[in-house]
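Below are the chains, spelled out letter by letter.
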2 protein chains.
Amino acid sequence: MTTTTTAALGTRDRLISTASRLMQHGGYESTPIKQLVKEAGATMGSLYHFFPGGKQELAVAAIAYGDEEFAELLRTGLALHADPAEAVGALTELLAEALEESMWRDGCPVTATALESVGRMPEVQAACAAAYANWERLVEEKLLACGLSEEDSRDLAMTVLNTLGGAETAAQVGQSRTPLLVAGRHLSRLIASYVPASD
Amino acid sequence: MTTTTTAALGTRDRLISTASRLMQHGGYESTPIKQLVKEAGATMGSLYHFFPGGKQELAVAAIAYGDEEFAELLRTGLALHADPAEAVGALTELLAEALEESMWRDGCPVTATALESVGRMPEVQAACAAAYANWERLVEEKLLACGLSEEDSRDLAMTVLNTLGGAETAAQVGQSRTPLLVAGRHLSRLIASYVPASD
């Protein structure tokens, strides 16, 4: 029984991680379900066993998976410096490096799917909104811990995430680190203008 | 002959504007070619008459169309104030209003398609890159005219566009003006920090 359960979990996990990667690369509609199932080494039967709601239900799980993966990258980047302005600068360098290493494919795991979901797939849209909120909270906590006000921390976290998201897209389309590195410098400058002077 | 030509141009233009709108809403793959042709009041025959390369060739023309439409919105927003920091703030309010009026559907005309195109459709990707470059030049020219250095103007224009792009996505997904309005305040503050003091 244990072996069966482990094997079953293995298939479910492979479906989720494969869906996450394919959706990161081209969004939900660009990902044919048959190709996804094949790349995950699964069957259509196992897909509907684990996800009775089919592709949309799998997409929601895949977004939660991408959410956590990107959150881990954010945590790593934000921990590189105690100073929040320097940390966000270092984070953008980390993102630029990871993006170039992936041949400009591994950008934000949810942007493409998020845009497709607006007004069409409410559960997928909600999962994307939850991912953004989760990432914003990580930046917000870093800023709060550095002495910024609650309002400034919340607002800056929003702009940091949105600027990184837009710069990732531009870096992918232009196959260049520049949009991210420039965004990093500007976000650092912006955050520094809010950091309370230390005594 | 004139009537025929006008009617022919009419079909071509309808194919392009319909493709632009559908791609703005969900990207390239979410737009089934048969639905597109039907919504444009055209036929598959006329599609291949005007665009022998089919959907991808039409997509390139649609991106150029969306490029010019969004450029017009940028020009309007940037002209609202002489001061570049105030102008970018006013531009984000304009974008937020247009986005809410469209039920959060009419975001950036190319982001969804751009992400799908990376490493898959070089000509579509190049058209998206050209649109970003065109929009950046409009912001850059405004900043240059206000006395910022060439380097600052180029870099700030890049971040303004990328921040607006990311904030548009977040506004659409969260169905809220806030990401754009907050981005507007932060971009204004950032730009103001580069504006040379007037004598």
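Within any chain, residue numbers begin from 1 and follow the written order of that chain's sequence. Here the convention is simple: chains get letters from A, ligands get numbers from 1, in the order in which they are written. With the structure being a predicted model, the display of local features is reserved for residues of pLDDT at least 70 and the display and counting of side-chain atom pairs for 80 or more, all residues being used for whole-chain, interface and lining totals. Excluding hydrogens and water, the side-chain values take into account all heavy atoms of the structure.

Peer 1: What is the right way to read the relation of the copies chain B and chain A from this model?
Peer 2: What connects the two chain copies is a rotation about an axis and a shift along it. With an RMSD of 0.0 Å, the operation that places chain B on chain A is a rotation of 180 degrees combined with a shift of 0.0 Å along the axis. Here the transformation between the copies is reduced to the relation of a two-fold axis. In this comparison the copies share one frame, found by least squares on the C-alpha atoms of residues holding pLDDT of at least 70 in both.

Peer 1: Please clarify how the nonpolar core should be interpreted in this entry.
Peer 2: Across soluble globular proteins, nonpolar side chains show a tendency to be buried alongside one another. To define a nonpolar core, start from buried Ala, Val, Leu, Ile, Met, Phe, Trp, Tyr and Cys residues and group those joined through side-chain atoms within 4.5 Å. Burial classes: relative accessible area under 20% of the type maximum marks a residue as buried, over 50% as exposed, and values in between as partly exposed (1.4 Å probe, protein chains only). Judged by nonpolar contacts, the single largest core of 118 residues is most densely connected at Leu15(A), Trp135(A), Leu15(B) and Trp135(B). By the convention used here, residues are in contact when the closest approach between their heavy atoms is within 4.5 Å. Beyond its immediate chain neighbours, meaning those up to four positions away, Leu15(B) contacts Leu36(B), Val37(B), Ala40(B), Ala42(B), Ser46(B), Leu47(B), Phe50(B), Phe51(B) and Leu58(B).

Peer 1: Explain the packing of aromatic side chains here, please?
Peer 2: Both the distance between ring centres and the angle between the ring planes are used here to describe each pair of aromatic rings. Each Phe, Tyr or Trp ring, with Trp reduced to its six-membered ring, pairs with another whose centre is within 6.5 Å; inter-plane angles below 30 degrees give stacked pairs, above 60 give edge-to-face pairs, and intermediate values give tilted ones. A full pass over the atoms with the stated rule returns four aromatic pairs over all chains. Between the aromatic rings of Tyr132(A) and Trp135(A), the centroid separation amounts to 5.8 Å while the plane-to-plane angle is 85 degrees, which identifies the pairing as edge-to-face. One end of the pair, Tyr132(A), and the other, Trp135(A), are both in helix H7 (residues 122-145), three residues apart, so they sit about a helical turn from each other. Judged by its relative accessible area of 12%, Tyr132(A) falls in the buried class. Residue class for Trp135(A) comes out buried when judged on its relative accessible area of 1%. Through a chain of ring-to-ring contacts, the aromatic side chains of Phe70(A), Tyr132(A) and Trp135(A) assemble into a single cluster. For a lysine, the NZ atom is tested; for an arginine, the CZ atom; a charge sits over a ring if that atom is within 6 Å of the ring centre and within 35 degrees of the ring normal. Sitting above the plane of the Tyr194(B) ring, Arg189(A) keeps its charged end 3.7 Å from the centroid. Strands are runs of DSSP state E lasting at least 2 residues, helices are runs of H or I lasting at least 4, and numbering of each runs from the N terminus.

Peer 1: Explain the environment of Leu94(B) here, please?
Peer 2: Residue and element names in this part refer to chain B. Looking at the element boundaries, Leu94 is found in helix H5 (residues 84-101). Remark: the alpha-carbon pair of Leu94 and Leu181, spanning 87 residues in sequence, is separated by 9.7 Å. Residue contacts for Leu94: discarding those within four places in its chain leaves Leu73, Thr76 and Gly77.

Peer 1: So what exactly am I meant to see when it comes to the pattern of salt bridges here?
Peer 2: Side-chain pairs of opposite charge can arise where the charged atoms are in close proximity. Each reported salt bridge corresponds to a side-chain nitrogen of Lys or Arg within 4 Å of a carboxyl oxygen of Asp or Glu. Counted under the stated rule, the structure contains twelve salt bridges over all chains. Its salt-bridge partner being Asp155(A), residue Arg185(B) comes within 2.6 Å of it at the nearest N-O pair. Linking Arg185(B) in helix H9 (residues 178-192) with Asp155(A) in helix H8 (residues 150-174), this pair reaches from one chain into another. On the accessibility criterion, Asp155(A) (7% relative accessible area) is buried. We note a salt bridge from Arg177(B) to Glu100(B), for which the minimum N-O separation is 2.5 Å. Placement of Arg177(B) in the loop between helix H8 (150-174) and H9 and of Glu100(B) in helix H5 is noted, with a sequence separation of 77 residues between them. The class of Glu100(B) is partly exposed, set by a relative accessible area of 34%.

Peer 1: What should I look at first to understand the interface of chain B and chain A in this one?
Peer 2: One widely used convention gives an interface's size as the accessible area the parts lose upon coming together. Listed as interface residues are 40 residues of chain B and, on the opposing side, 40 residues of chain A. In this assembly, chain B packs against chain A so that about 3800 Å² is buried in total across both faces, 58% of it on carbon and sulfur atoms. Buried area: the accessible surface (1.4 Å probe) lost by two parts on joining, summed over both. When residues of chain B are sorted by the area they lose upon contact with chain A, Leu115(B), Val173(B) and His186(B) head the list and together hold 18% of the total. There are two salt bridges connecting chain B and chain A.

Peer 1: Is there a simple way to explain the environment of Gln35(B) in this structure?
Peer 2: In this structure, Gln35(B) sits in helix H2 (residues 33-39). In this structure the C-alpha to C-alpha distance between Gln35(B) and Gly107(B), which are 72 residues apart in sequence, comes to 21 Å.

Peer 1: When you look at the packing of helix H4 (residues 55-78) of chain B against H5(B) in this model, what are you seeing that I'm missing?
Peer 2: Angle between the axes and distance between the axes are the two parameters that describe a pair of packed helices. Residues and elements named next belong to chain B. Orientation is described by axes fitted as lines to C-alpha atoms, over the contacting stretch for helices, and by angles from 0 to 180 degrees between their N-to-C directions. Across the interface, H4 lies against H5 with an axial gap of 8 Å and an inter-helix angle of 130 degrees. Regarding the angle of H4 to H5, the classification is oblique. For H4 against H5, the interelement crossing comes out right-handed. Listed contacts from H5 to Phe70, Leu73, Leu74, Thr76, Gly77 and Leu78 of H4 are Ala87, Val88, Leu91, Leu94 and Leu95. Three classes are used: nonpolar for Ala, Val, Leu, Ile, Met, Phe, Trp, Tyr, Cys and Pro, charged for Asp, Glu, Lys and Arg, and polar for all others, with Gly counted as polar. Tallied by class, residues from the contact of H4 with H5 come to nine nonpolar, two polar and no charged. Between 65 and 115 degrees an angle is taken as roughly perpendicular, under 35 as roughly parallel, over 145 as roughly antiparallel, and anywhere else as oblique. Throughout, a crossing is termed right-handed when the near helix is turned clockwise from the far one, and left-handed when it is turned anticlockwise from it by less than a right angle.

Peer 1: Explanation requested: the side chain of Asp67(B) in the structure shown.
Peer 2: Residue and element names in this part refer to chain B. As for its placement among the helices and strands, Asp67 is situated in helix H4. Neither His nor the chain ends is counted toward charge; the positive residues are Lys and Arg and the negative residues Asp and Glu. Although Asp67 is buried, it forms no salt bridge, and the closest oppositely charged side chain is Arg75 at an N-O distance of 7.1 Å. Here Asn134 takes part through its side chain, which lies 2.7 Å from a polar atom of the side chain of Asp67. Those residues in contact with Asp67 that sit more than four places away from it in its chain are Ala130, Ala131, Asn134 and Trp135. Whenever a nitrogen or oxygen atom comes within 3.5 Å of another N or O atom, the pair is scored as a polar contact, on the condition that within protein one atom can donate a hydrogen and the other can accept it, and that pairs from neighbouring residues in sequence are kept only if both atoms are in side chains.

Peer 1: Please clarify how the confidence of the model for chain A should be interpreted in this entry.
Peer 2: Detailed reading of predicted coordinates is not advised where the pLDDT is low. Residue and element names in this part refer to chain A. Of all residues in chain A, 94% attain a pLDDT of 70 or more, and the chain-wide mean is 93. Scored from 0 to 100, pLDDT records how confident the predictor is in each individual residue. Helix H1 (residues 2-26) is the least confidently modelled element of chain A, averaging 80 in pLDDT, while helix H9 (residues 178-192) averages 98, the highest of any element. The low-confidence segment residues 1-6 (pLDDT under 50) makes zero contacts with residues lying over four places distant or belonging to another chain. Scoring of the predicted complex yields 0.92 for pTM and 0.92 for ipTM.

Peer 1: How should I be thinking about the packing of H8(A) against H9(B) in this particular structure?
Peer 2: At their nearest, the axes of H8(A) and H9(B) sit 9 Å apart, and the two run at 95 degrees to each other. Classified by the interaxial angle, the pair formed by H8(A) and H9(B) is roughly perpendicular. In this structure, H8(A) contributes Asp155(A), Leu156(A), Met158(A), Thr159(A) and Asn162(A) to the contact, and H9(B) contributes Thr178(B), Pro179(B), Val182(B), Ala183(B), Arg185(B) and His186(B). A class-by-class count of the residues in the contact of H8(A) with H9(B) yields five nonpolar, four polar and two charged.

Peer 1: Sorry, what's going on with the side chain of Glu136(B) here?
Peer 2: Residues and elements named next belong to chain B. Residue position: Glu136 is located in helix H7 (residues 122-145). For the buried Glu136, no salt bridge exists, and the shortest N-O distance to an oppositely charged side chain is 7.7 Å, to Arg154. Residues in contact with Glu136, not counting those within four places in the same chain, are Ala157, Met158 and Leu161.

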